[in-house]
Amino acid sequence: MTRSGTTAQLPPVAPEVFASAVEGLTTRLRGRLDAAVEGLAAVPVTVEGGTFGVRCGEDALVTLAPDPSGAVTDTQQARCTCLLAPRCLHRAAVLGACPVAVTETARPADIAPSALSGPGTGAEPTDAVPPTEPDRSAERNRSAGPDRIAQADRIAQAARVVEPDRSTDGIRPTEQVRPAEPNRLADPRPEPAHTPADAPAGPSATQIGAAAALWSAAAAVLSAGTAGTGAVLQAELLRAAHTARLTGLHRAEAAAVSVVRCLRTARDPYSPGRLAELVTALRELLLVAHLLKAGDPEPALIGAVRRNHRPDGSLRLYGVCREPVIGADDLGGVVTHLLDDDGRWYTLRDVQPGGPARARRAGTALVAIRSFLSDHSRVSRGGLIISGATVSPEGRLLAERGVRATFAAGRPWTEAASATVFARPLAESAAVRFPASLVRDPQGAGDHEGTGEPGGSGYARPLIGCDVEIAETDGEDLLVRELPCGGSAFADGRPAPAPVPAPVPAPPVRLAPAHSHPALAHTANFRQLGARPGLRIRVLGRLDPDRVTTLRALAVGPVPGTEATLRLPDDWQGRADLGYDLLQSGHFPTDIPSPTPATPASSSADSSSADSSSADSSGDSPLWRVGRLVELAVTGGRRIAAESTRGNDPDGHAAVLRRGGFVTGADLVTALGAVAGRRSLDVFGRHSGADPDEYATQWLATAVYLSAAESDLKHGAWPGPEHTGTAATATSTSTSTSTSTSTSTDDS
């Protein structure tokens with residue numbers, strides 16, 4: 001059998017196999033490797049008896065014989081018929097065209113530090129220090145005027161967050177005020193005087209050497225940029241990742257593999273989605289490697305072994321909703337979300353090539369778990385009893401041998417664990433979605449394998465639920481107001497806050513469809529909902545990380561205890577999946593009261609929230625300039641980063657950031673441009689190249705600051721505690737926070 005195309009058809013290859021093939025090439029052949037990999041894009045692939053063959057010339061046939069797992073995990077499984085084999089260009093090029101395999105976690109091995117190649121493999125901590133992100137444990141000051149994050153001393157001391165000079169005219173600060181926390185990046189080693197007896201010992205010398213090798217390989221990738229990172233640099237990074245895997249650095253190894261995957265799949269390096277994933281993965285890799293090679297004892301830096309697990313006993317799951325999936329590479333399908341009695345989330349995933357048309361059909365398609373056969377619509381409104389269940393690290397139910405599933409009755413959203421989903425205010429959910437630390441809770445790592453996503457613990461990422469009242473429409477979106485939480489407990493077991501009389505109406509929240517494709521029902525359903533202001537609905541969805549105060553709705557249902565809500569059929573189990581179920585006029589009440597009028601206190605908050613949302617969506621916030629430089633440095637490399645900040649333009653990035661109150665961002669942008677353009681001289685005054693470590697450290701400082709500032713601003717834009725009590729209480733709290741912050745500023 002012959003198939004056209006190479007990359008999409010070849011089996012995955014273990015990182016160490018490809019790295020070993022590149023290591024055996026001569027310098028001349030390494031220079032031709034990238035062109036050879038690109039030339040395989042149109043070469044047909046033959047498959048006979050499970051063996052893949054690629055004809056690279058008249059006398060060169062490369063054959064790949066994967067093991068039972070479907071991946072090439074040994075060098076002997078890749079052979080070439082040419083005379084130079086196995087140190088030939090054909091074999092290395094074919095292996096480079098294969099996707100990177102997900103390897104099983106290796107048993108940590110004892111490796112001598114001297115065996116680790118690359119500069120800087122010693123155990124001494126580095127002197128270059130990026131700044132840390134500010135602490136998010138303190139109360140936010142949302143109404144005492146606009147604040148900003150002032151200069152975080154990246155080069156000499158720990159980051160401090162201060163309040164701006166309010167007397168400065170023409171400045172519109174937007175950053176939140178936080179008390180400073182100890183700078184983990186500056187000195188990740190614990191202080192001996194305060195170290196408890198049971199404190200973690202930190203990474204071993206072997207692990208520190210492996211982390212240093214990862215840092216050197218990642219720094220080389222960053223200096224070269226996306227366009228300059230060819231197969232040779234990728235092989236060096238994969239070699240370092242394999243060494244990290246052998247020493248037990250699971251998180252660092254997974255981050256390195258994610259970087260290589262992003263580099264290979266980003267055919268268009270300026271694609272916003274692909275570029276954002278690459279920036280996130282590279283930041284995660286550099287951050288973890290930097291802290292590990294400095295001897296940081298934080299256990300989260302080591303990471304956990306990602307493997308499928310089998311829960312004890314049977315699983316009793318209840319369907320929650322269906323989510324259409326339209327992904328890259330023409331993927332389409334559906335994900336059914338389920339919940340157990342303890343509030344843990346699971347998913348049934350059915351995503352295959354087919355695009356939006358398949359996503360529409362998959363909502364009612366059959367789902368099979370071994371001998372069990374049903375459809376996604378029935379499962380999402382019913383339930384499952386699964387014995388011998390196998391669950392992936394992301395919480396996905398797998399149909400492996402020994403799994404037995406039985407259909408069971410479902411529950412409405414108002415009962416048991418489902419009700420606790422709607423008991424957490426949106427501000428609380430935003431604090432979880434936009435975490436304070438990239439070290440302990442690295443959600444900024446993106447949706448990559450093993451980089452610390454919550455799904456890596458064996459459960460799916462929770463959905464966000466709330467009760468809202470529709471205020472008005474804004475294009476395809478809805479502006480809604482959050483209603484007081486109706487649940488009695490949070491999903492994590494903490495008691496809900498006591499109700500406060502006469503609450504201040506919260507600023508509007510933007511409700512956006514999960515997909516706008518006409519093949520799905522989101523747009524039609526939003527049109528029906530937007531035509532009925534004052535309607536109260538229960539919403540389940542996800543927070544949009546790229547838009548301020550925006551919730552991507554997946555399903556809706558009636559709000560208990562009110563007449564101005566939905567009237568759904570009994571067989572819908574009290575909810576409607578916005579991507580598949582069409583809301584009709586008979587599903588709405590005939591008389592809907594007018595929306596809650598905005599009070600003068602909340603009108604100003606609404607205006608501020610609307611301005612913030614508008615600025616965020618239109619790109620007017622000065623912070624995007626930091627993000628642009630961070631992305632340019634990844635795509636174009638060191639030279640582009642230096643050129644983009646050269647000159648004394650009064651409207652340049654640093655000047656605009658200073659006028660907008662982002663002093664730290666301005667200093668980091670200036671420093672990154674200076675370091676990128678710096679070249680060292682040898683004893684004869686000739687340029688001897690640049691130091692990649694210093695440049696990587698400065699880029700990491702800028703990327704960490706950007707992530708922390710964006711997370712802080714996004715979290716601060718959500719309605720806070722001042723909207724859960726009276727207006728007088730909110731004003732008093734705000735004044736107290738402002739006074740204490742000013743005192744802290746003066747002391748600094």
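What you are looking at is a predicted structure, and each value in this text was computed from that prediction instead of being measured.

It is worth spelling out the nonpolar core at this point. Within the largest apolar cluster, 102 residues are counted, with the highest numbers of intra-cluster contacts made by Leu10, Leu33, Leu64, Leu214, Leu237 and Trp699. Broken down by element, this core gets its largest block of residues, twelve residues, from helix H8 (residues 272–293). Residues in contact with Trp699, not counting those within four places in the same chain, are Leu222, Val279, Leu282, Arg283, Leu286, Val630, Ala633, Val634 and Leu672. Ranked by size, the runner-up nonpolar core spans 27 residues in total, among them Val480, Val556, Trp572 and Phe588.

The next point concerns the state of the cysteines. Applying the stated criterion across every chain yields a total of zero disulfides. Here Cys56 stays free of any disulfide, with the sulfur of Cys80 as its closest cysteine sulfur at 6.4 Å. For Cys56, a relative accessible area of 27% gives the class partly exposed. No disulfide involves Cys80; its sulfur sits 3.6 Å from that of Cys82, the nearest cysteine.

Now for the pairing of strand E9 (residues 366–369). On E9, burial follows the alternation: Val367 and Ile369 on one face are buried, whereas Leu366 and Ala368 on the facing-out side are not. Pairing analysis gives four bridges linking E9 to strand E10 (residues 372–375), with the strands arranged antiparallel. Paired with Ile369 across the bridge in E10 is Phe372. Adjacent in sequence and paired antiparallel, E9 and E10 are bridged by two residues, among which Arg370 carries a positive phi angle near 55 degrees.

Here we take up the environment of Asp67. With respect to the secondary-structure elements, Asp67 resides in the loop between strand E4 (60–64) and strand E5 (78–80). Spatially, the C-alpha atom of Asp67 lies 8.1 Å from that of Gln77, the residues being ten residues apart in sequence.

Mean pLDDT over the protein stands at 74; residues scoring 70 or higher make up 69%. Every residue in residues 598–619 is under pLDDT 50, and counting partners more than four places away or in other chains gives 24 contacts. Contacts for the low-pLDDT stretch residues 721–748, under 50 throughout, to residues beyond four places or in other chains number 40 contacts.

With that settled, the discussion passes to the pattern of salt bridges. If you walk through the whole model with that rule in mind, you get 19 salt bridges. Note that Arg381 and Asp581 form a salt bridge whose closest N and O atoms lie 2.3 Å from each other. Of this pair, Arg381 sits in helix H10 (residues 376–381) while Asp581 is found in the loop between strand E20 (576–577) and helix H14 (600–618), placing the two residues 200 residues apart along the sequence. The two residues Arg381 and Asp581 agree in class, both being buried. A salt bridge links Arg567 to Glu563; the nearest nitrogen and oxygen atoms lie 3.3 Å apart. Judged by its relative accessible area of 36%, Arg567 is partly exposed. Among the residues examined, Glu563 registers a relative accessible area of 60% and is labelled exposed. Shared partners join several salt bridges into a network, and the residues in it are Arg322, Arg381, Asp577 and Asp581.

Turning our eyes to something else, we now look at the packing of aromatic side chains. In the structure shown here, the tally under the stated rule is one aromatic pair. For the pair Trp413 and Phe422, a centre-to-centre distance of 5.3 Å together with 40 degrees between the ring planes defines the contact as tilted. Each member of the pair Trp413 and Phe422 is classed as buried. Sitting above the plane of the Phe18 ring, Arg264 keeps its charged end 5.0 Å from the centroid. Its end group placed over the ring of Phe422, Arg538 keeps NZ or CZ at 4.4 Å from the ring centre.

Of note, Gln234 is situated in helix H6 (residues 231–246). Among the polar contacts listed, one links the side chain of Gln234 to the backbone oxygen of Thr229, at a separation of 3.5 Å. Among the polar contacts made by the side chain of Gln234, one reaches the side chain of Arg264 at a distance of 2.9 Å. For Gln234, the contacting residues outside a window of four places in its chain are Thr229, Val260, Leu263 and Arg264.

The N-to-C vectors of helix H18 (residues 663–676) and helix H19 (residues 692–717) enclose an angle of 160 degrees; their axes lie 9 Å apart at closest approach. Between H18 and H19, the angle is such that the two are roughly antiparallel. The element H18 and its partner H19 pack so that their crossing is left-handed. Side by side, H18 and H19 meet where Thr664, Gly665, Leu668, Ala671, Leu672, Val675 and Ala676 of the first sit next to Glu694, Tyr695, Gln698, Trp699, Ala701, Thr702 and Tyr705 of the second. Residues that form the contact of H18 with H19 fall into these classes: nine nonpolar, four polar and one charged.

Taken in spatial order, the five strands make up an open sheet running E8-E7-E6-E11-E14, and their pairing is antiparallel. For this open sheet the edge positions go to strand E8 (345–353) and strand E14 (404–408), each flanked by a neighbour on one side alone. Taken pair by pair, the neighbouring strands of this sheet meet at an average axis angle of 30 degrees, ignoring direction. Pairing of strand E6 (residues 315–327) with strand E7 (residues 331–340), which is carried by ten bridges, proceeds in the antiparallel orientation. Residue pairing in the sheet places Pro324 in a bridge with Val334 of E7. Taken strand by strand, helix H9 (residues 355–362) contacts E6, E7 and E8, and its axis lies near 35 degrees from that of E7.

Along the chain, Trp572 turns up in the loop between strand E19 (550–558) and E20. Accessibility expressed as a relative area gives 15% for Trp572, which makes it buried. In the structure, Trp572 is positioned 191 residues away from Arg381 in sequence and 6.8 Å away in space, judged by C-alpha atoms. Setting aside residues no more than four positions away along its own chain, Trp572 makes contact with Arg381, Asp581, Leu582, Leu583 and His587.

Two numbers describe how helix H5 (residues 205–228) lies on helix H15 (residues 623–636): the axes approach to 4 Å, and their chain directions differ by 75 degrees. Considering their axes alone, H5 and H15 lie roughly perpendicular with respect to each other. Where H5 abuts H15, its residues Leu222, Ala224, Gly225, Thr226 and Ala227 lie against Ala633, Val634, Thr635 and Gly636. Within the contact of H5 with H15, the residues separate by chemical class into five nonpolar, four polar and no charged.

So, how was this worked out
Residues numbered from 1 in each chain as written. Predicted model: local features only at pLDDT ≥ 70, side-chain atom pairs only at ≥ 80, totals over all residues. Heavy atoms only, no water. Core = buried A, V, L, I, M, F, W, Y, C linked by side-chain atoms within 4.5 Å. Buried < 20%, exposed > 50% of the residue type's maximum accessible area, 1.4 Å probe, protein only. Helix = DSSP H or I, 4+ residues; strand = E, 2+ residues; numbered from the N terminus. Contact = heavy atoms within 4.5 Å. Disulfide = S-S within 2.5 Å. Pairing = 2+ DSSP bridges. pLDDT = per-residue confidence, 0-100. Salt bridge = Lys/Arg side-chain N within 4 Å of Asp/Glu carboxyl O. Phe/Tyr/Trp six-rings, centres within 6.5 Å; stacked < 30°, edge-to-face > 60°. Lys NZ or Arg CZ within 6 Å of the ring centre and 35° of its normal. Polar contact = N/O pair within 3.5 Å; in protein donor to acceptor, adjacent residues only side chain to side chain. Axes fitted to C-alpha atoms, helices over the stretch in contact; angles between N-to-C directions. Parallel < 35°, antiparallel > 145°, perpendicular 65-115°, else oblique. Left-handed = near helix turned anticlockwise from the far one by under 90°. Nonpolar A, V, L, I, M, F, W, Y, C, P; charged D, E, K, R; others polar.

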